[in-house]
Amino acid sequence: MKLWVLVLIFAPSVFMCGQDAPTSKMHFVLEKNVPVSMRDGMVLRADVMRPVEAGKFPVLVYRTPYGKDAAEQQYTTFKHAAERGYAVVIQDVRGRHHSDGDFRPYENEGLDGYDTIEWAAAQPWSNGDVGTFGLSYPGAVQWLAAVQSPPHLQAMVPAMTFSTPQNFFYAGGTWDMSWIDWIWDNIAWDTRAKKNLPGPRTYREALAAWKEEGPKMLDTLPLLDVKPLQQAAPYYFDWLQHPPEDPWWNWSELRDKYPRTHAAVLNLSAWYDDNYGPEGATTNFTGLLQAMKAEKDPRTHLLLGPWVHGVDNTEKTRSGEREFGPTAAIDYDEVVLRWMDHYLKHIDNGVDHEKPVRYFVMGRNQWRDADQWPPAARTTPAFLAPGTGSTSAGRLQTTPFDNPDSFSEFVSDPANPVVNSYDSSGAHDYRRLADRDDVLTFDSALLQEDTEITGPITARIFVSCDCRDFDLWTRLLDVSPDGTAINLMSPGLDVLRASYRDLSRGRQLLSPGTIYELKLENLITSNVFLQGHRIRLQISASFTPNFSRNLQSGKSEVNSVEMKKAHIRVFHDAKHLSQVVLPIIPVVR
C-alpha cells in the first residue's frame, strides 16, 4: 500500500515505505521535516526520500510554496525517482508551511535554492551530483538558483515558467491580474492562519470566499486599493510600485544571466500554458544556446506540447475545447527522469543523440523534431485591409492595401472593457467577440491548402488615438468553416501597452492624433490551419479580467481611477502597412 504520513511536529521522522506494484522490489526511506539551514541562519524544512539500500545517490531537489506534504500526495515523480535510485529532497520554501521565515514570492529563491542544492550535495547519502525539477513556481525556483551558479547543480528540468519579469509580473506593460487569484487561492489563507489575520484560513474557505470576493478584487481601482490582500500579501503592493522598466526587477531577470548556468537544461512548456510559459521556454532555450555556443554540446533541449498549465495536464490530450489525439500526452515522470538518468547517472540512453527541439503541431496533431528553434520558415506578411461591402469584417491579404487614406476605427471604454468569457485556460471559441463594436476583426480568404504556422509571430500595427495611452490586443485565431474561432495561445503574449512601445525608454505617453507603429513580438504557436479554414486577427484595447485595464487618461491604474473613452484608429494605407508576419512552414505531402 501507499503510505502517506501527515507529520504535525517539526522533528525529523524516518519511515520505511513499501510500494504497491507487485513487480517492484524497491523500498525507500522517507525522512520528514529535515532542517536545512540557509546562509542567514533561517531554517527551511524538507522531506528526504531515498533508496533503503546503503550507498551514495544522485539527488533531485524539488522546492515548493504549495506544501511538500501535498506535493508528495499529488505527484508520483518523487516515488518513481526513489525507485530509480535517486535521493529526493522535497522542501517547503522560506515562510511556507513547515519552513521558517517570511514568504516573499520568488525573492529569496535564488540564494535559498543555491544553499539547498549545496546542502544536498554534502549529505552522507549523496554522491554530490544534484538535479532539480518542477513546474510553475517549482520551475521558477530552479532558474533563480541556477543563475547563482551552484557548483553541484548538474541537470535541471524547469517546466512552464518564465524568462523575464516583463512577461511574468507584467505582459507588454500591462499588469497580470492573475496574481490576485494566485495569492488568494494558494498563499493568503495560510498566511492568515499563521499570523492570526482576519479572513479565510483554509484552502476550502478561500475557494468559497473567492466567489464573492474575487470579482470585486479584480474590478477594484486603483489596483493598490485591493484591501483583502493588504495584510496577508504586502509584497503584492510592493510589486505594483515598480513599473516594468524599473531596475528593481533585475533580481528576477534571467535573460542576461545565461552564462552563469552550467547545468544541462530541458526546457518544457506548452502552447496553452500561462502567457509566460512558451515564451519563457523558447527564450531560455535560445539564450542558453547563445551562451554555450563555444561548447560542442550545449546540453539544452526544448519540449513544447499542446497542453494547459500543470503537471497533470501533460498526460491529457485535450486543452479547452480542442482535442489533439492520443499522441499529445507525455509521461512527465519519464521525461524528467530520463534527462536525469543521462546527466546525473551518465546512462547512455540516447538523450544526447536526439534532436534538441521537439514540438507539437496543432491541427496536424503530431510531434515534430527539429535541429533548431524556431524552425526554418518563410516569413510571410498578411496585410490588414478594410472589409468589402458585403461584410463588416476587415481582410487579411497577401498584398498591401494601396488606398492612400484607409483606416478602421473603434471606441474603447475602460468602464465597459472587452471581457474574456472563459475562466479556464486552453482553446476556446471566441467567435462572439466579432459582434462587439470595440473589436476589429480581419479575416483571410478561405485557405486553399493546409497552412502551417510555427514559431514567433510579429504584429506591426499602425495606430493613433485621441488619448494619452491605450493597450493593443492582437489575437490570432483559427476559424473553422462552421464559424468556430479558436485562440492559439493564452492571453498575454498578444498585448502591448502603447506607452511601453519601447520598454527600454520607459513609459512614453502618446500625443493625441499622432500615428505610431506598435510592434508585438511575443506571439508564438505551432498550428496547421486546415484547407477551408481562415486565419483571423482580432484587435481590441482591453481583455479583462486577465490583465489590468488601461484607463486611457494617461494615468496609471495602479494609483488612479480616472478613465477616458478613446477613439482608436488602425491604419492600413499605402504608407502605414499594418500587418501580421507569419512564419509559414512548407507542408510535407
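To be clear, the structure that these remarks concern was listed above.
Below is a short write-up of the structure. All values reported here derive from a predicted model rather than from experimental measurement. (Residues numbered from 1 in each chain as written. Predicted model: local features only at pLDDT ≥ 70, side-chain atom pairs only at ≥ 80, totals over all residues. Heavy atoms only, no water.)

**Some remarks on the overall build of the chain**
Heads up, the condition is: The secondary structure listing takes helices from DSSP runs of H or I that are at least 4 residues long and strands from runs of E that are at least 2 residues long, numbered from the N terminus. Radius of gyration here is computed from C-alpha atoms only, and the compact-globule reference equals 2.2 Å multiplied by the residue count raised to the power 0.38. Burial status follows relative accessibility: with a 1.4 Å probe on protein chains alone, a residue under 20% of its type maximum counts as buried, one over 50% as exposed, and anything between as partly exposed. Two residue types count as positive, namely Lys and Arg, and two as negative, namely Asp and Glu; His and chain ends fall outside the count. To locate a charge, take atom NZ for lysine, CZ for arginine, CG for aspartate or CD for glutamate.
When its secondary structure is counted, the chain shows nine helices and 27 strands. On C-alpha atoms alone, the chain measures out to a radius of gyration of 25 Å, which is about the 25 Å that the 2.2 N^0.38 rule sets for 589 residues. Its C-alpha atoms put the chain at 80 × 60 × 45 Å along the principal axes. The burial tally for the chain puts 58% of its 589 residues in the buried class. Charged side chains of the chain number 59 positive and 74 negative; the gap between the two group centres comes to 1 Å.

**Looking at the packing of helix α5 (residues 178-195) against helix α6 (residues 203-219)**
This is how the line gets drawn: In this description, a line fitted to the C-alpha atoms serves as the axis of each element, helices being fitted only across the stretch in contact, and the angle between N-to-C directions of two axes falls anywhere from 0 to 180 degrees. When an angle is under 35 degrees it counts as roughly parallel; over 145 it counts as roughly antiparallel; between 65 and 115 it counts as roughly perpendicular; any other value is oblique. Two helices cross in a left-handed way if the nearer one is turned anticlockwise from the farther one by less than a right angle. They cross in a right-handed way if the turn is clockwise. Here a residue-residue contact requires only that any non-hydrogen atoms of the pair lie within 4.5 Å. Residue classes follow a fixed rule: Ala, Val, Leu, Ile, Met, Phe, Trp, Tyr, Cys and Pro count as nonpolar, while Asp, Glu, Lys and Arg count as charged, and any other residue, Gly among them, counts as polar.
One can describe the packing of α5 onto α6 by two numbers: an axis separation of 10 Å at closest approach and a directional angle of 150 degrees. The pairing of α5 with α6 is recorded here as roughly antiparallel in orientation. Regarding α5 and α6, the two cross each other, and that crossing is right-handed. For the pair formed by α5 and α6, the contact residues are Ile180, Asp181, Trp184, Asp185 and Trp189 on the first element and Tyr203, Ala206, Leu207, Ala209, Trp210, Glu213, Met217 and Leu218 on the second. The residue makeup of the contact of α5 with α6, split by class, is 10 nonpolar, no polar and three charged.

**A short note on the packing of helix α3 (residues 109-122) against helix α4 (residues 137-146)**
Where α3 contacts α4, the two axes come as close as 7 Å, and the packing angle between them is 80 degrees. In this view, α3 runs roughly perpendicular relative to α4, as classed from their interaxial angle. Of α4, the residues touching α3 (which contributes Glu109, Gly110, Gly113, Tyr114 and Ile117) are Tyr137, Val141, Leu144 and Ala145. Here the residues of the contact of α3 with α4 sort into six nonpolar, two polar and one charged.

**Overview of α6**
Cut-off, in case you're wondering: Working rule for helices: expected span equals 1.5 Å times residues minus one. One axis is fitted to the seven residues ending at the residue and one to the seven starting there. The bend at that residue is the angle between these axes.
Compared with the 24 Å implied by 1.5 Å per residue over 17 residues, the 23 Å span of α6 between its first and last C-alpha is a close match. Where α6 bends most, the angle comes to about 60 degrees, and this point is tryptophan 210. All of the buried residues along α6 are Ala206, Trp210, Gly214 and Met217. In the core, the buried residues of α6 are packed alongside α5.

**Regarding the nonpolar core**
To be explicit about the condition: Among the buried residues, those of types Ala, Val, Leu, Ile, Met, Phe, Trp, Tyr and Cys that are joined through side-chain atoms within 4.5 Å form a nonpolar core.
Of all hydrophobic cores here, the largest spans 93 residues; its most connected members are Phe133, Trp271, Tyr272, Met340, Trp373, Phe470 and Ile539. Judged by nonpolar contacts, the second largest core, of 69 residues, contains Ala46, Leu197, Ala233 and Trp249.

**With respect to the pairing of strand β17 (residues 394-397)**
For clarity, the threshold we go by: The criterion for strand pairing is that DSSP finds at least two bridges linking the strands in question.
Here strand β16 (residues 378-385) runs beside β17; their pairing, made up of three bridges, is antiparallel. The residue of β17 that forms the bridge with alanine 385 is arginine 395. Bridge analysis of β17 against strand β19 (residues 440-443) gives two bridges, and the strand direction is parallel. Within β19, the residue paired with arginine 395 across the bridge is aspartate 443.

**Structural notes on α4**
Counted residue by residue, α4 has 10 buried out of 10 residues, so it is predominantly covered. For α4, the set of buried residues is Tyr137, Pro138, Gly139, Ala140, Val141, Gln142, Trp143, Leu144, Ala145 and Ala146.

**Describing the packing of aromatic side chains**
Our working rule: By convention, a stacked pair of Phe, Tyr or Trp rings (six-membered ring in the case of Trp) has centres within 6.5 Å and planes under 30 degrees apart, an edge-to-face pair has planes over 60 apart, and any other such pair is tilted. Only lysine NZ and arginine CZ atoms are considered, and such an atom sits over a ring when it is within 6 Å of the ring centre and within 35 degrees of the ring normal.
Counted according to the given criterion, the structure contains 44 aromatic pairs. Arranged with centres 4.8 Å apart and planes meeting at 85 degrees, the rings of phenylalanine 168 and tyrosine 276 form a pair that is edge-to-face. With phenylalanine 168 in the loop between β7 (153-159) and β8 (170-171) and tyrosine 276 in helix α8 (residues 276-291), this residue pair connects regions lying 108 residues apart in the sequence. Using a relative accessible area of 3% as the deciding quantity, one classes phenylalanine 168 as buried. Here the aromatic rings of tryptophan 248 and tryptophan 251 are separated by 5.8 Å at their centres, their planes lie at 85 degrees, and the arrangement is edge-to-face. Overall, the relative accessible area of 26% leaves tryptophan 251 in the partly exposed class. For arginine 192, the ring lying beneath its charged end belongs to tryptophan 184, and the centroid distance is 4.7 Å.

**Comments concerning the pattern of salt bridges**
Inclusion rule: A pairing counts as a salt bridge when a side-chain nitrogen of Lys or Arg comes within 4 Å of a carboxyl oxygen of Asp or Glu.
A full pass over the atoms with the stated rule returns 39 salt bridges. In this structure, the salt-bridge partner of arginine 84 is glutamate 334, at a minimum N-O distance of 2.8 Å. Here glutamate 334 lies in helix α9 (residues 332-343) and arginine 84 lies in the loop between α2 (77-83) and β5 (87-92), a separation of 250 residues in the sequence. Between glutamate 354 and arginine 338 there is a salt bridge; the shortest N-O distance is 2.6 Å. Of the two residues, glutamate 354 is situated in the loop between α9 and β14 (357-361) and arginine 338 in helix α9; the sequence distance between them amounts to 16 residues. Look at the salt bridges and you will find they share partners, linking Lys32, Asp47, Lys68, Asp69 and Glu72 into a network.

**Notes on the state of the cysteines**
Cysteine pairs can be covalently joined through their sulfur atoms, and such a bond is termed a disulfide. To keep it simple, the criterion reads: Note on terminology: pairs of cysteine sulfur atoms within 2.5 Å are recorded as disulfides.
Taken as a whole and judged by the stated rule, the model has one disulfide. Two residues share a disulfide in this structure: cysteine 465 and cysteine 467, whose sulfurs sit 2.0 Å from each other. Taking the sign of the torsion about the S-S bond as the criterion, the disulfide between cysteine 465 and cysteine 467, at about 115 degrees, is right-handed. No difference in accessibility class separates cysteine 465 from cysteine 467, as the two residues are buried.

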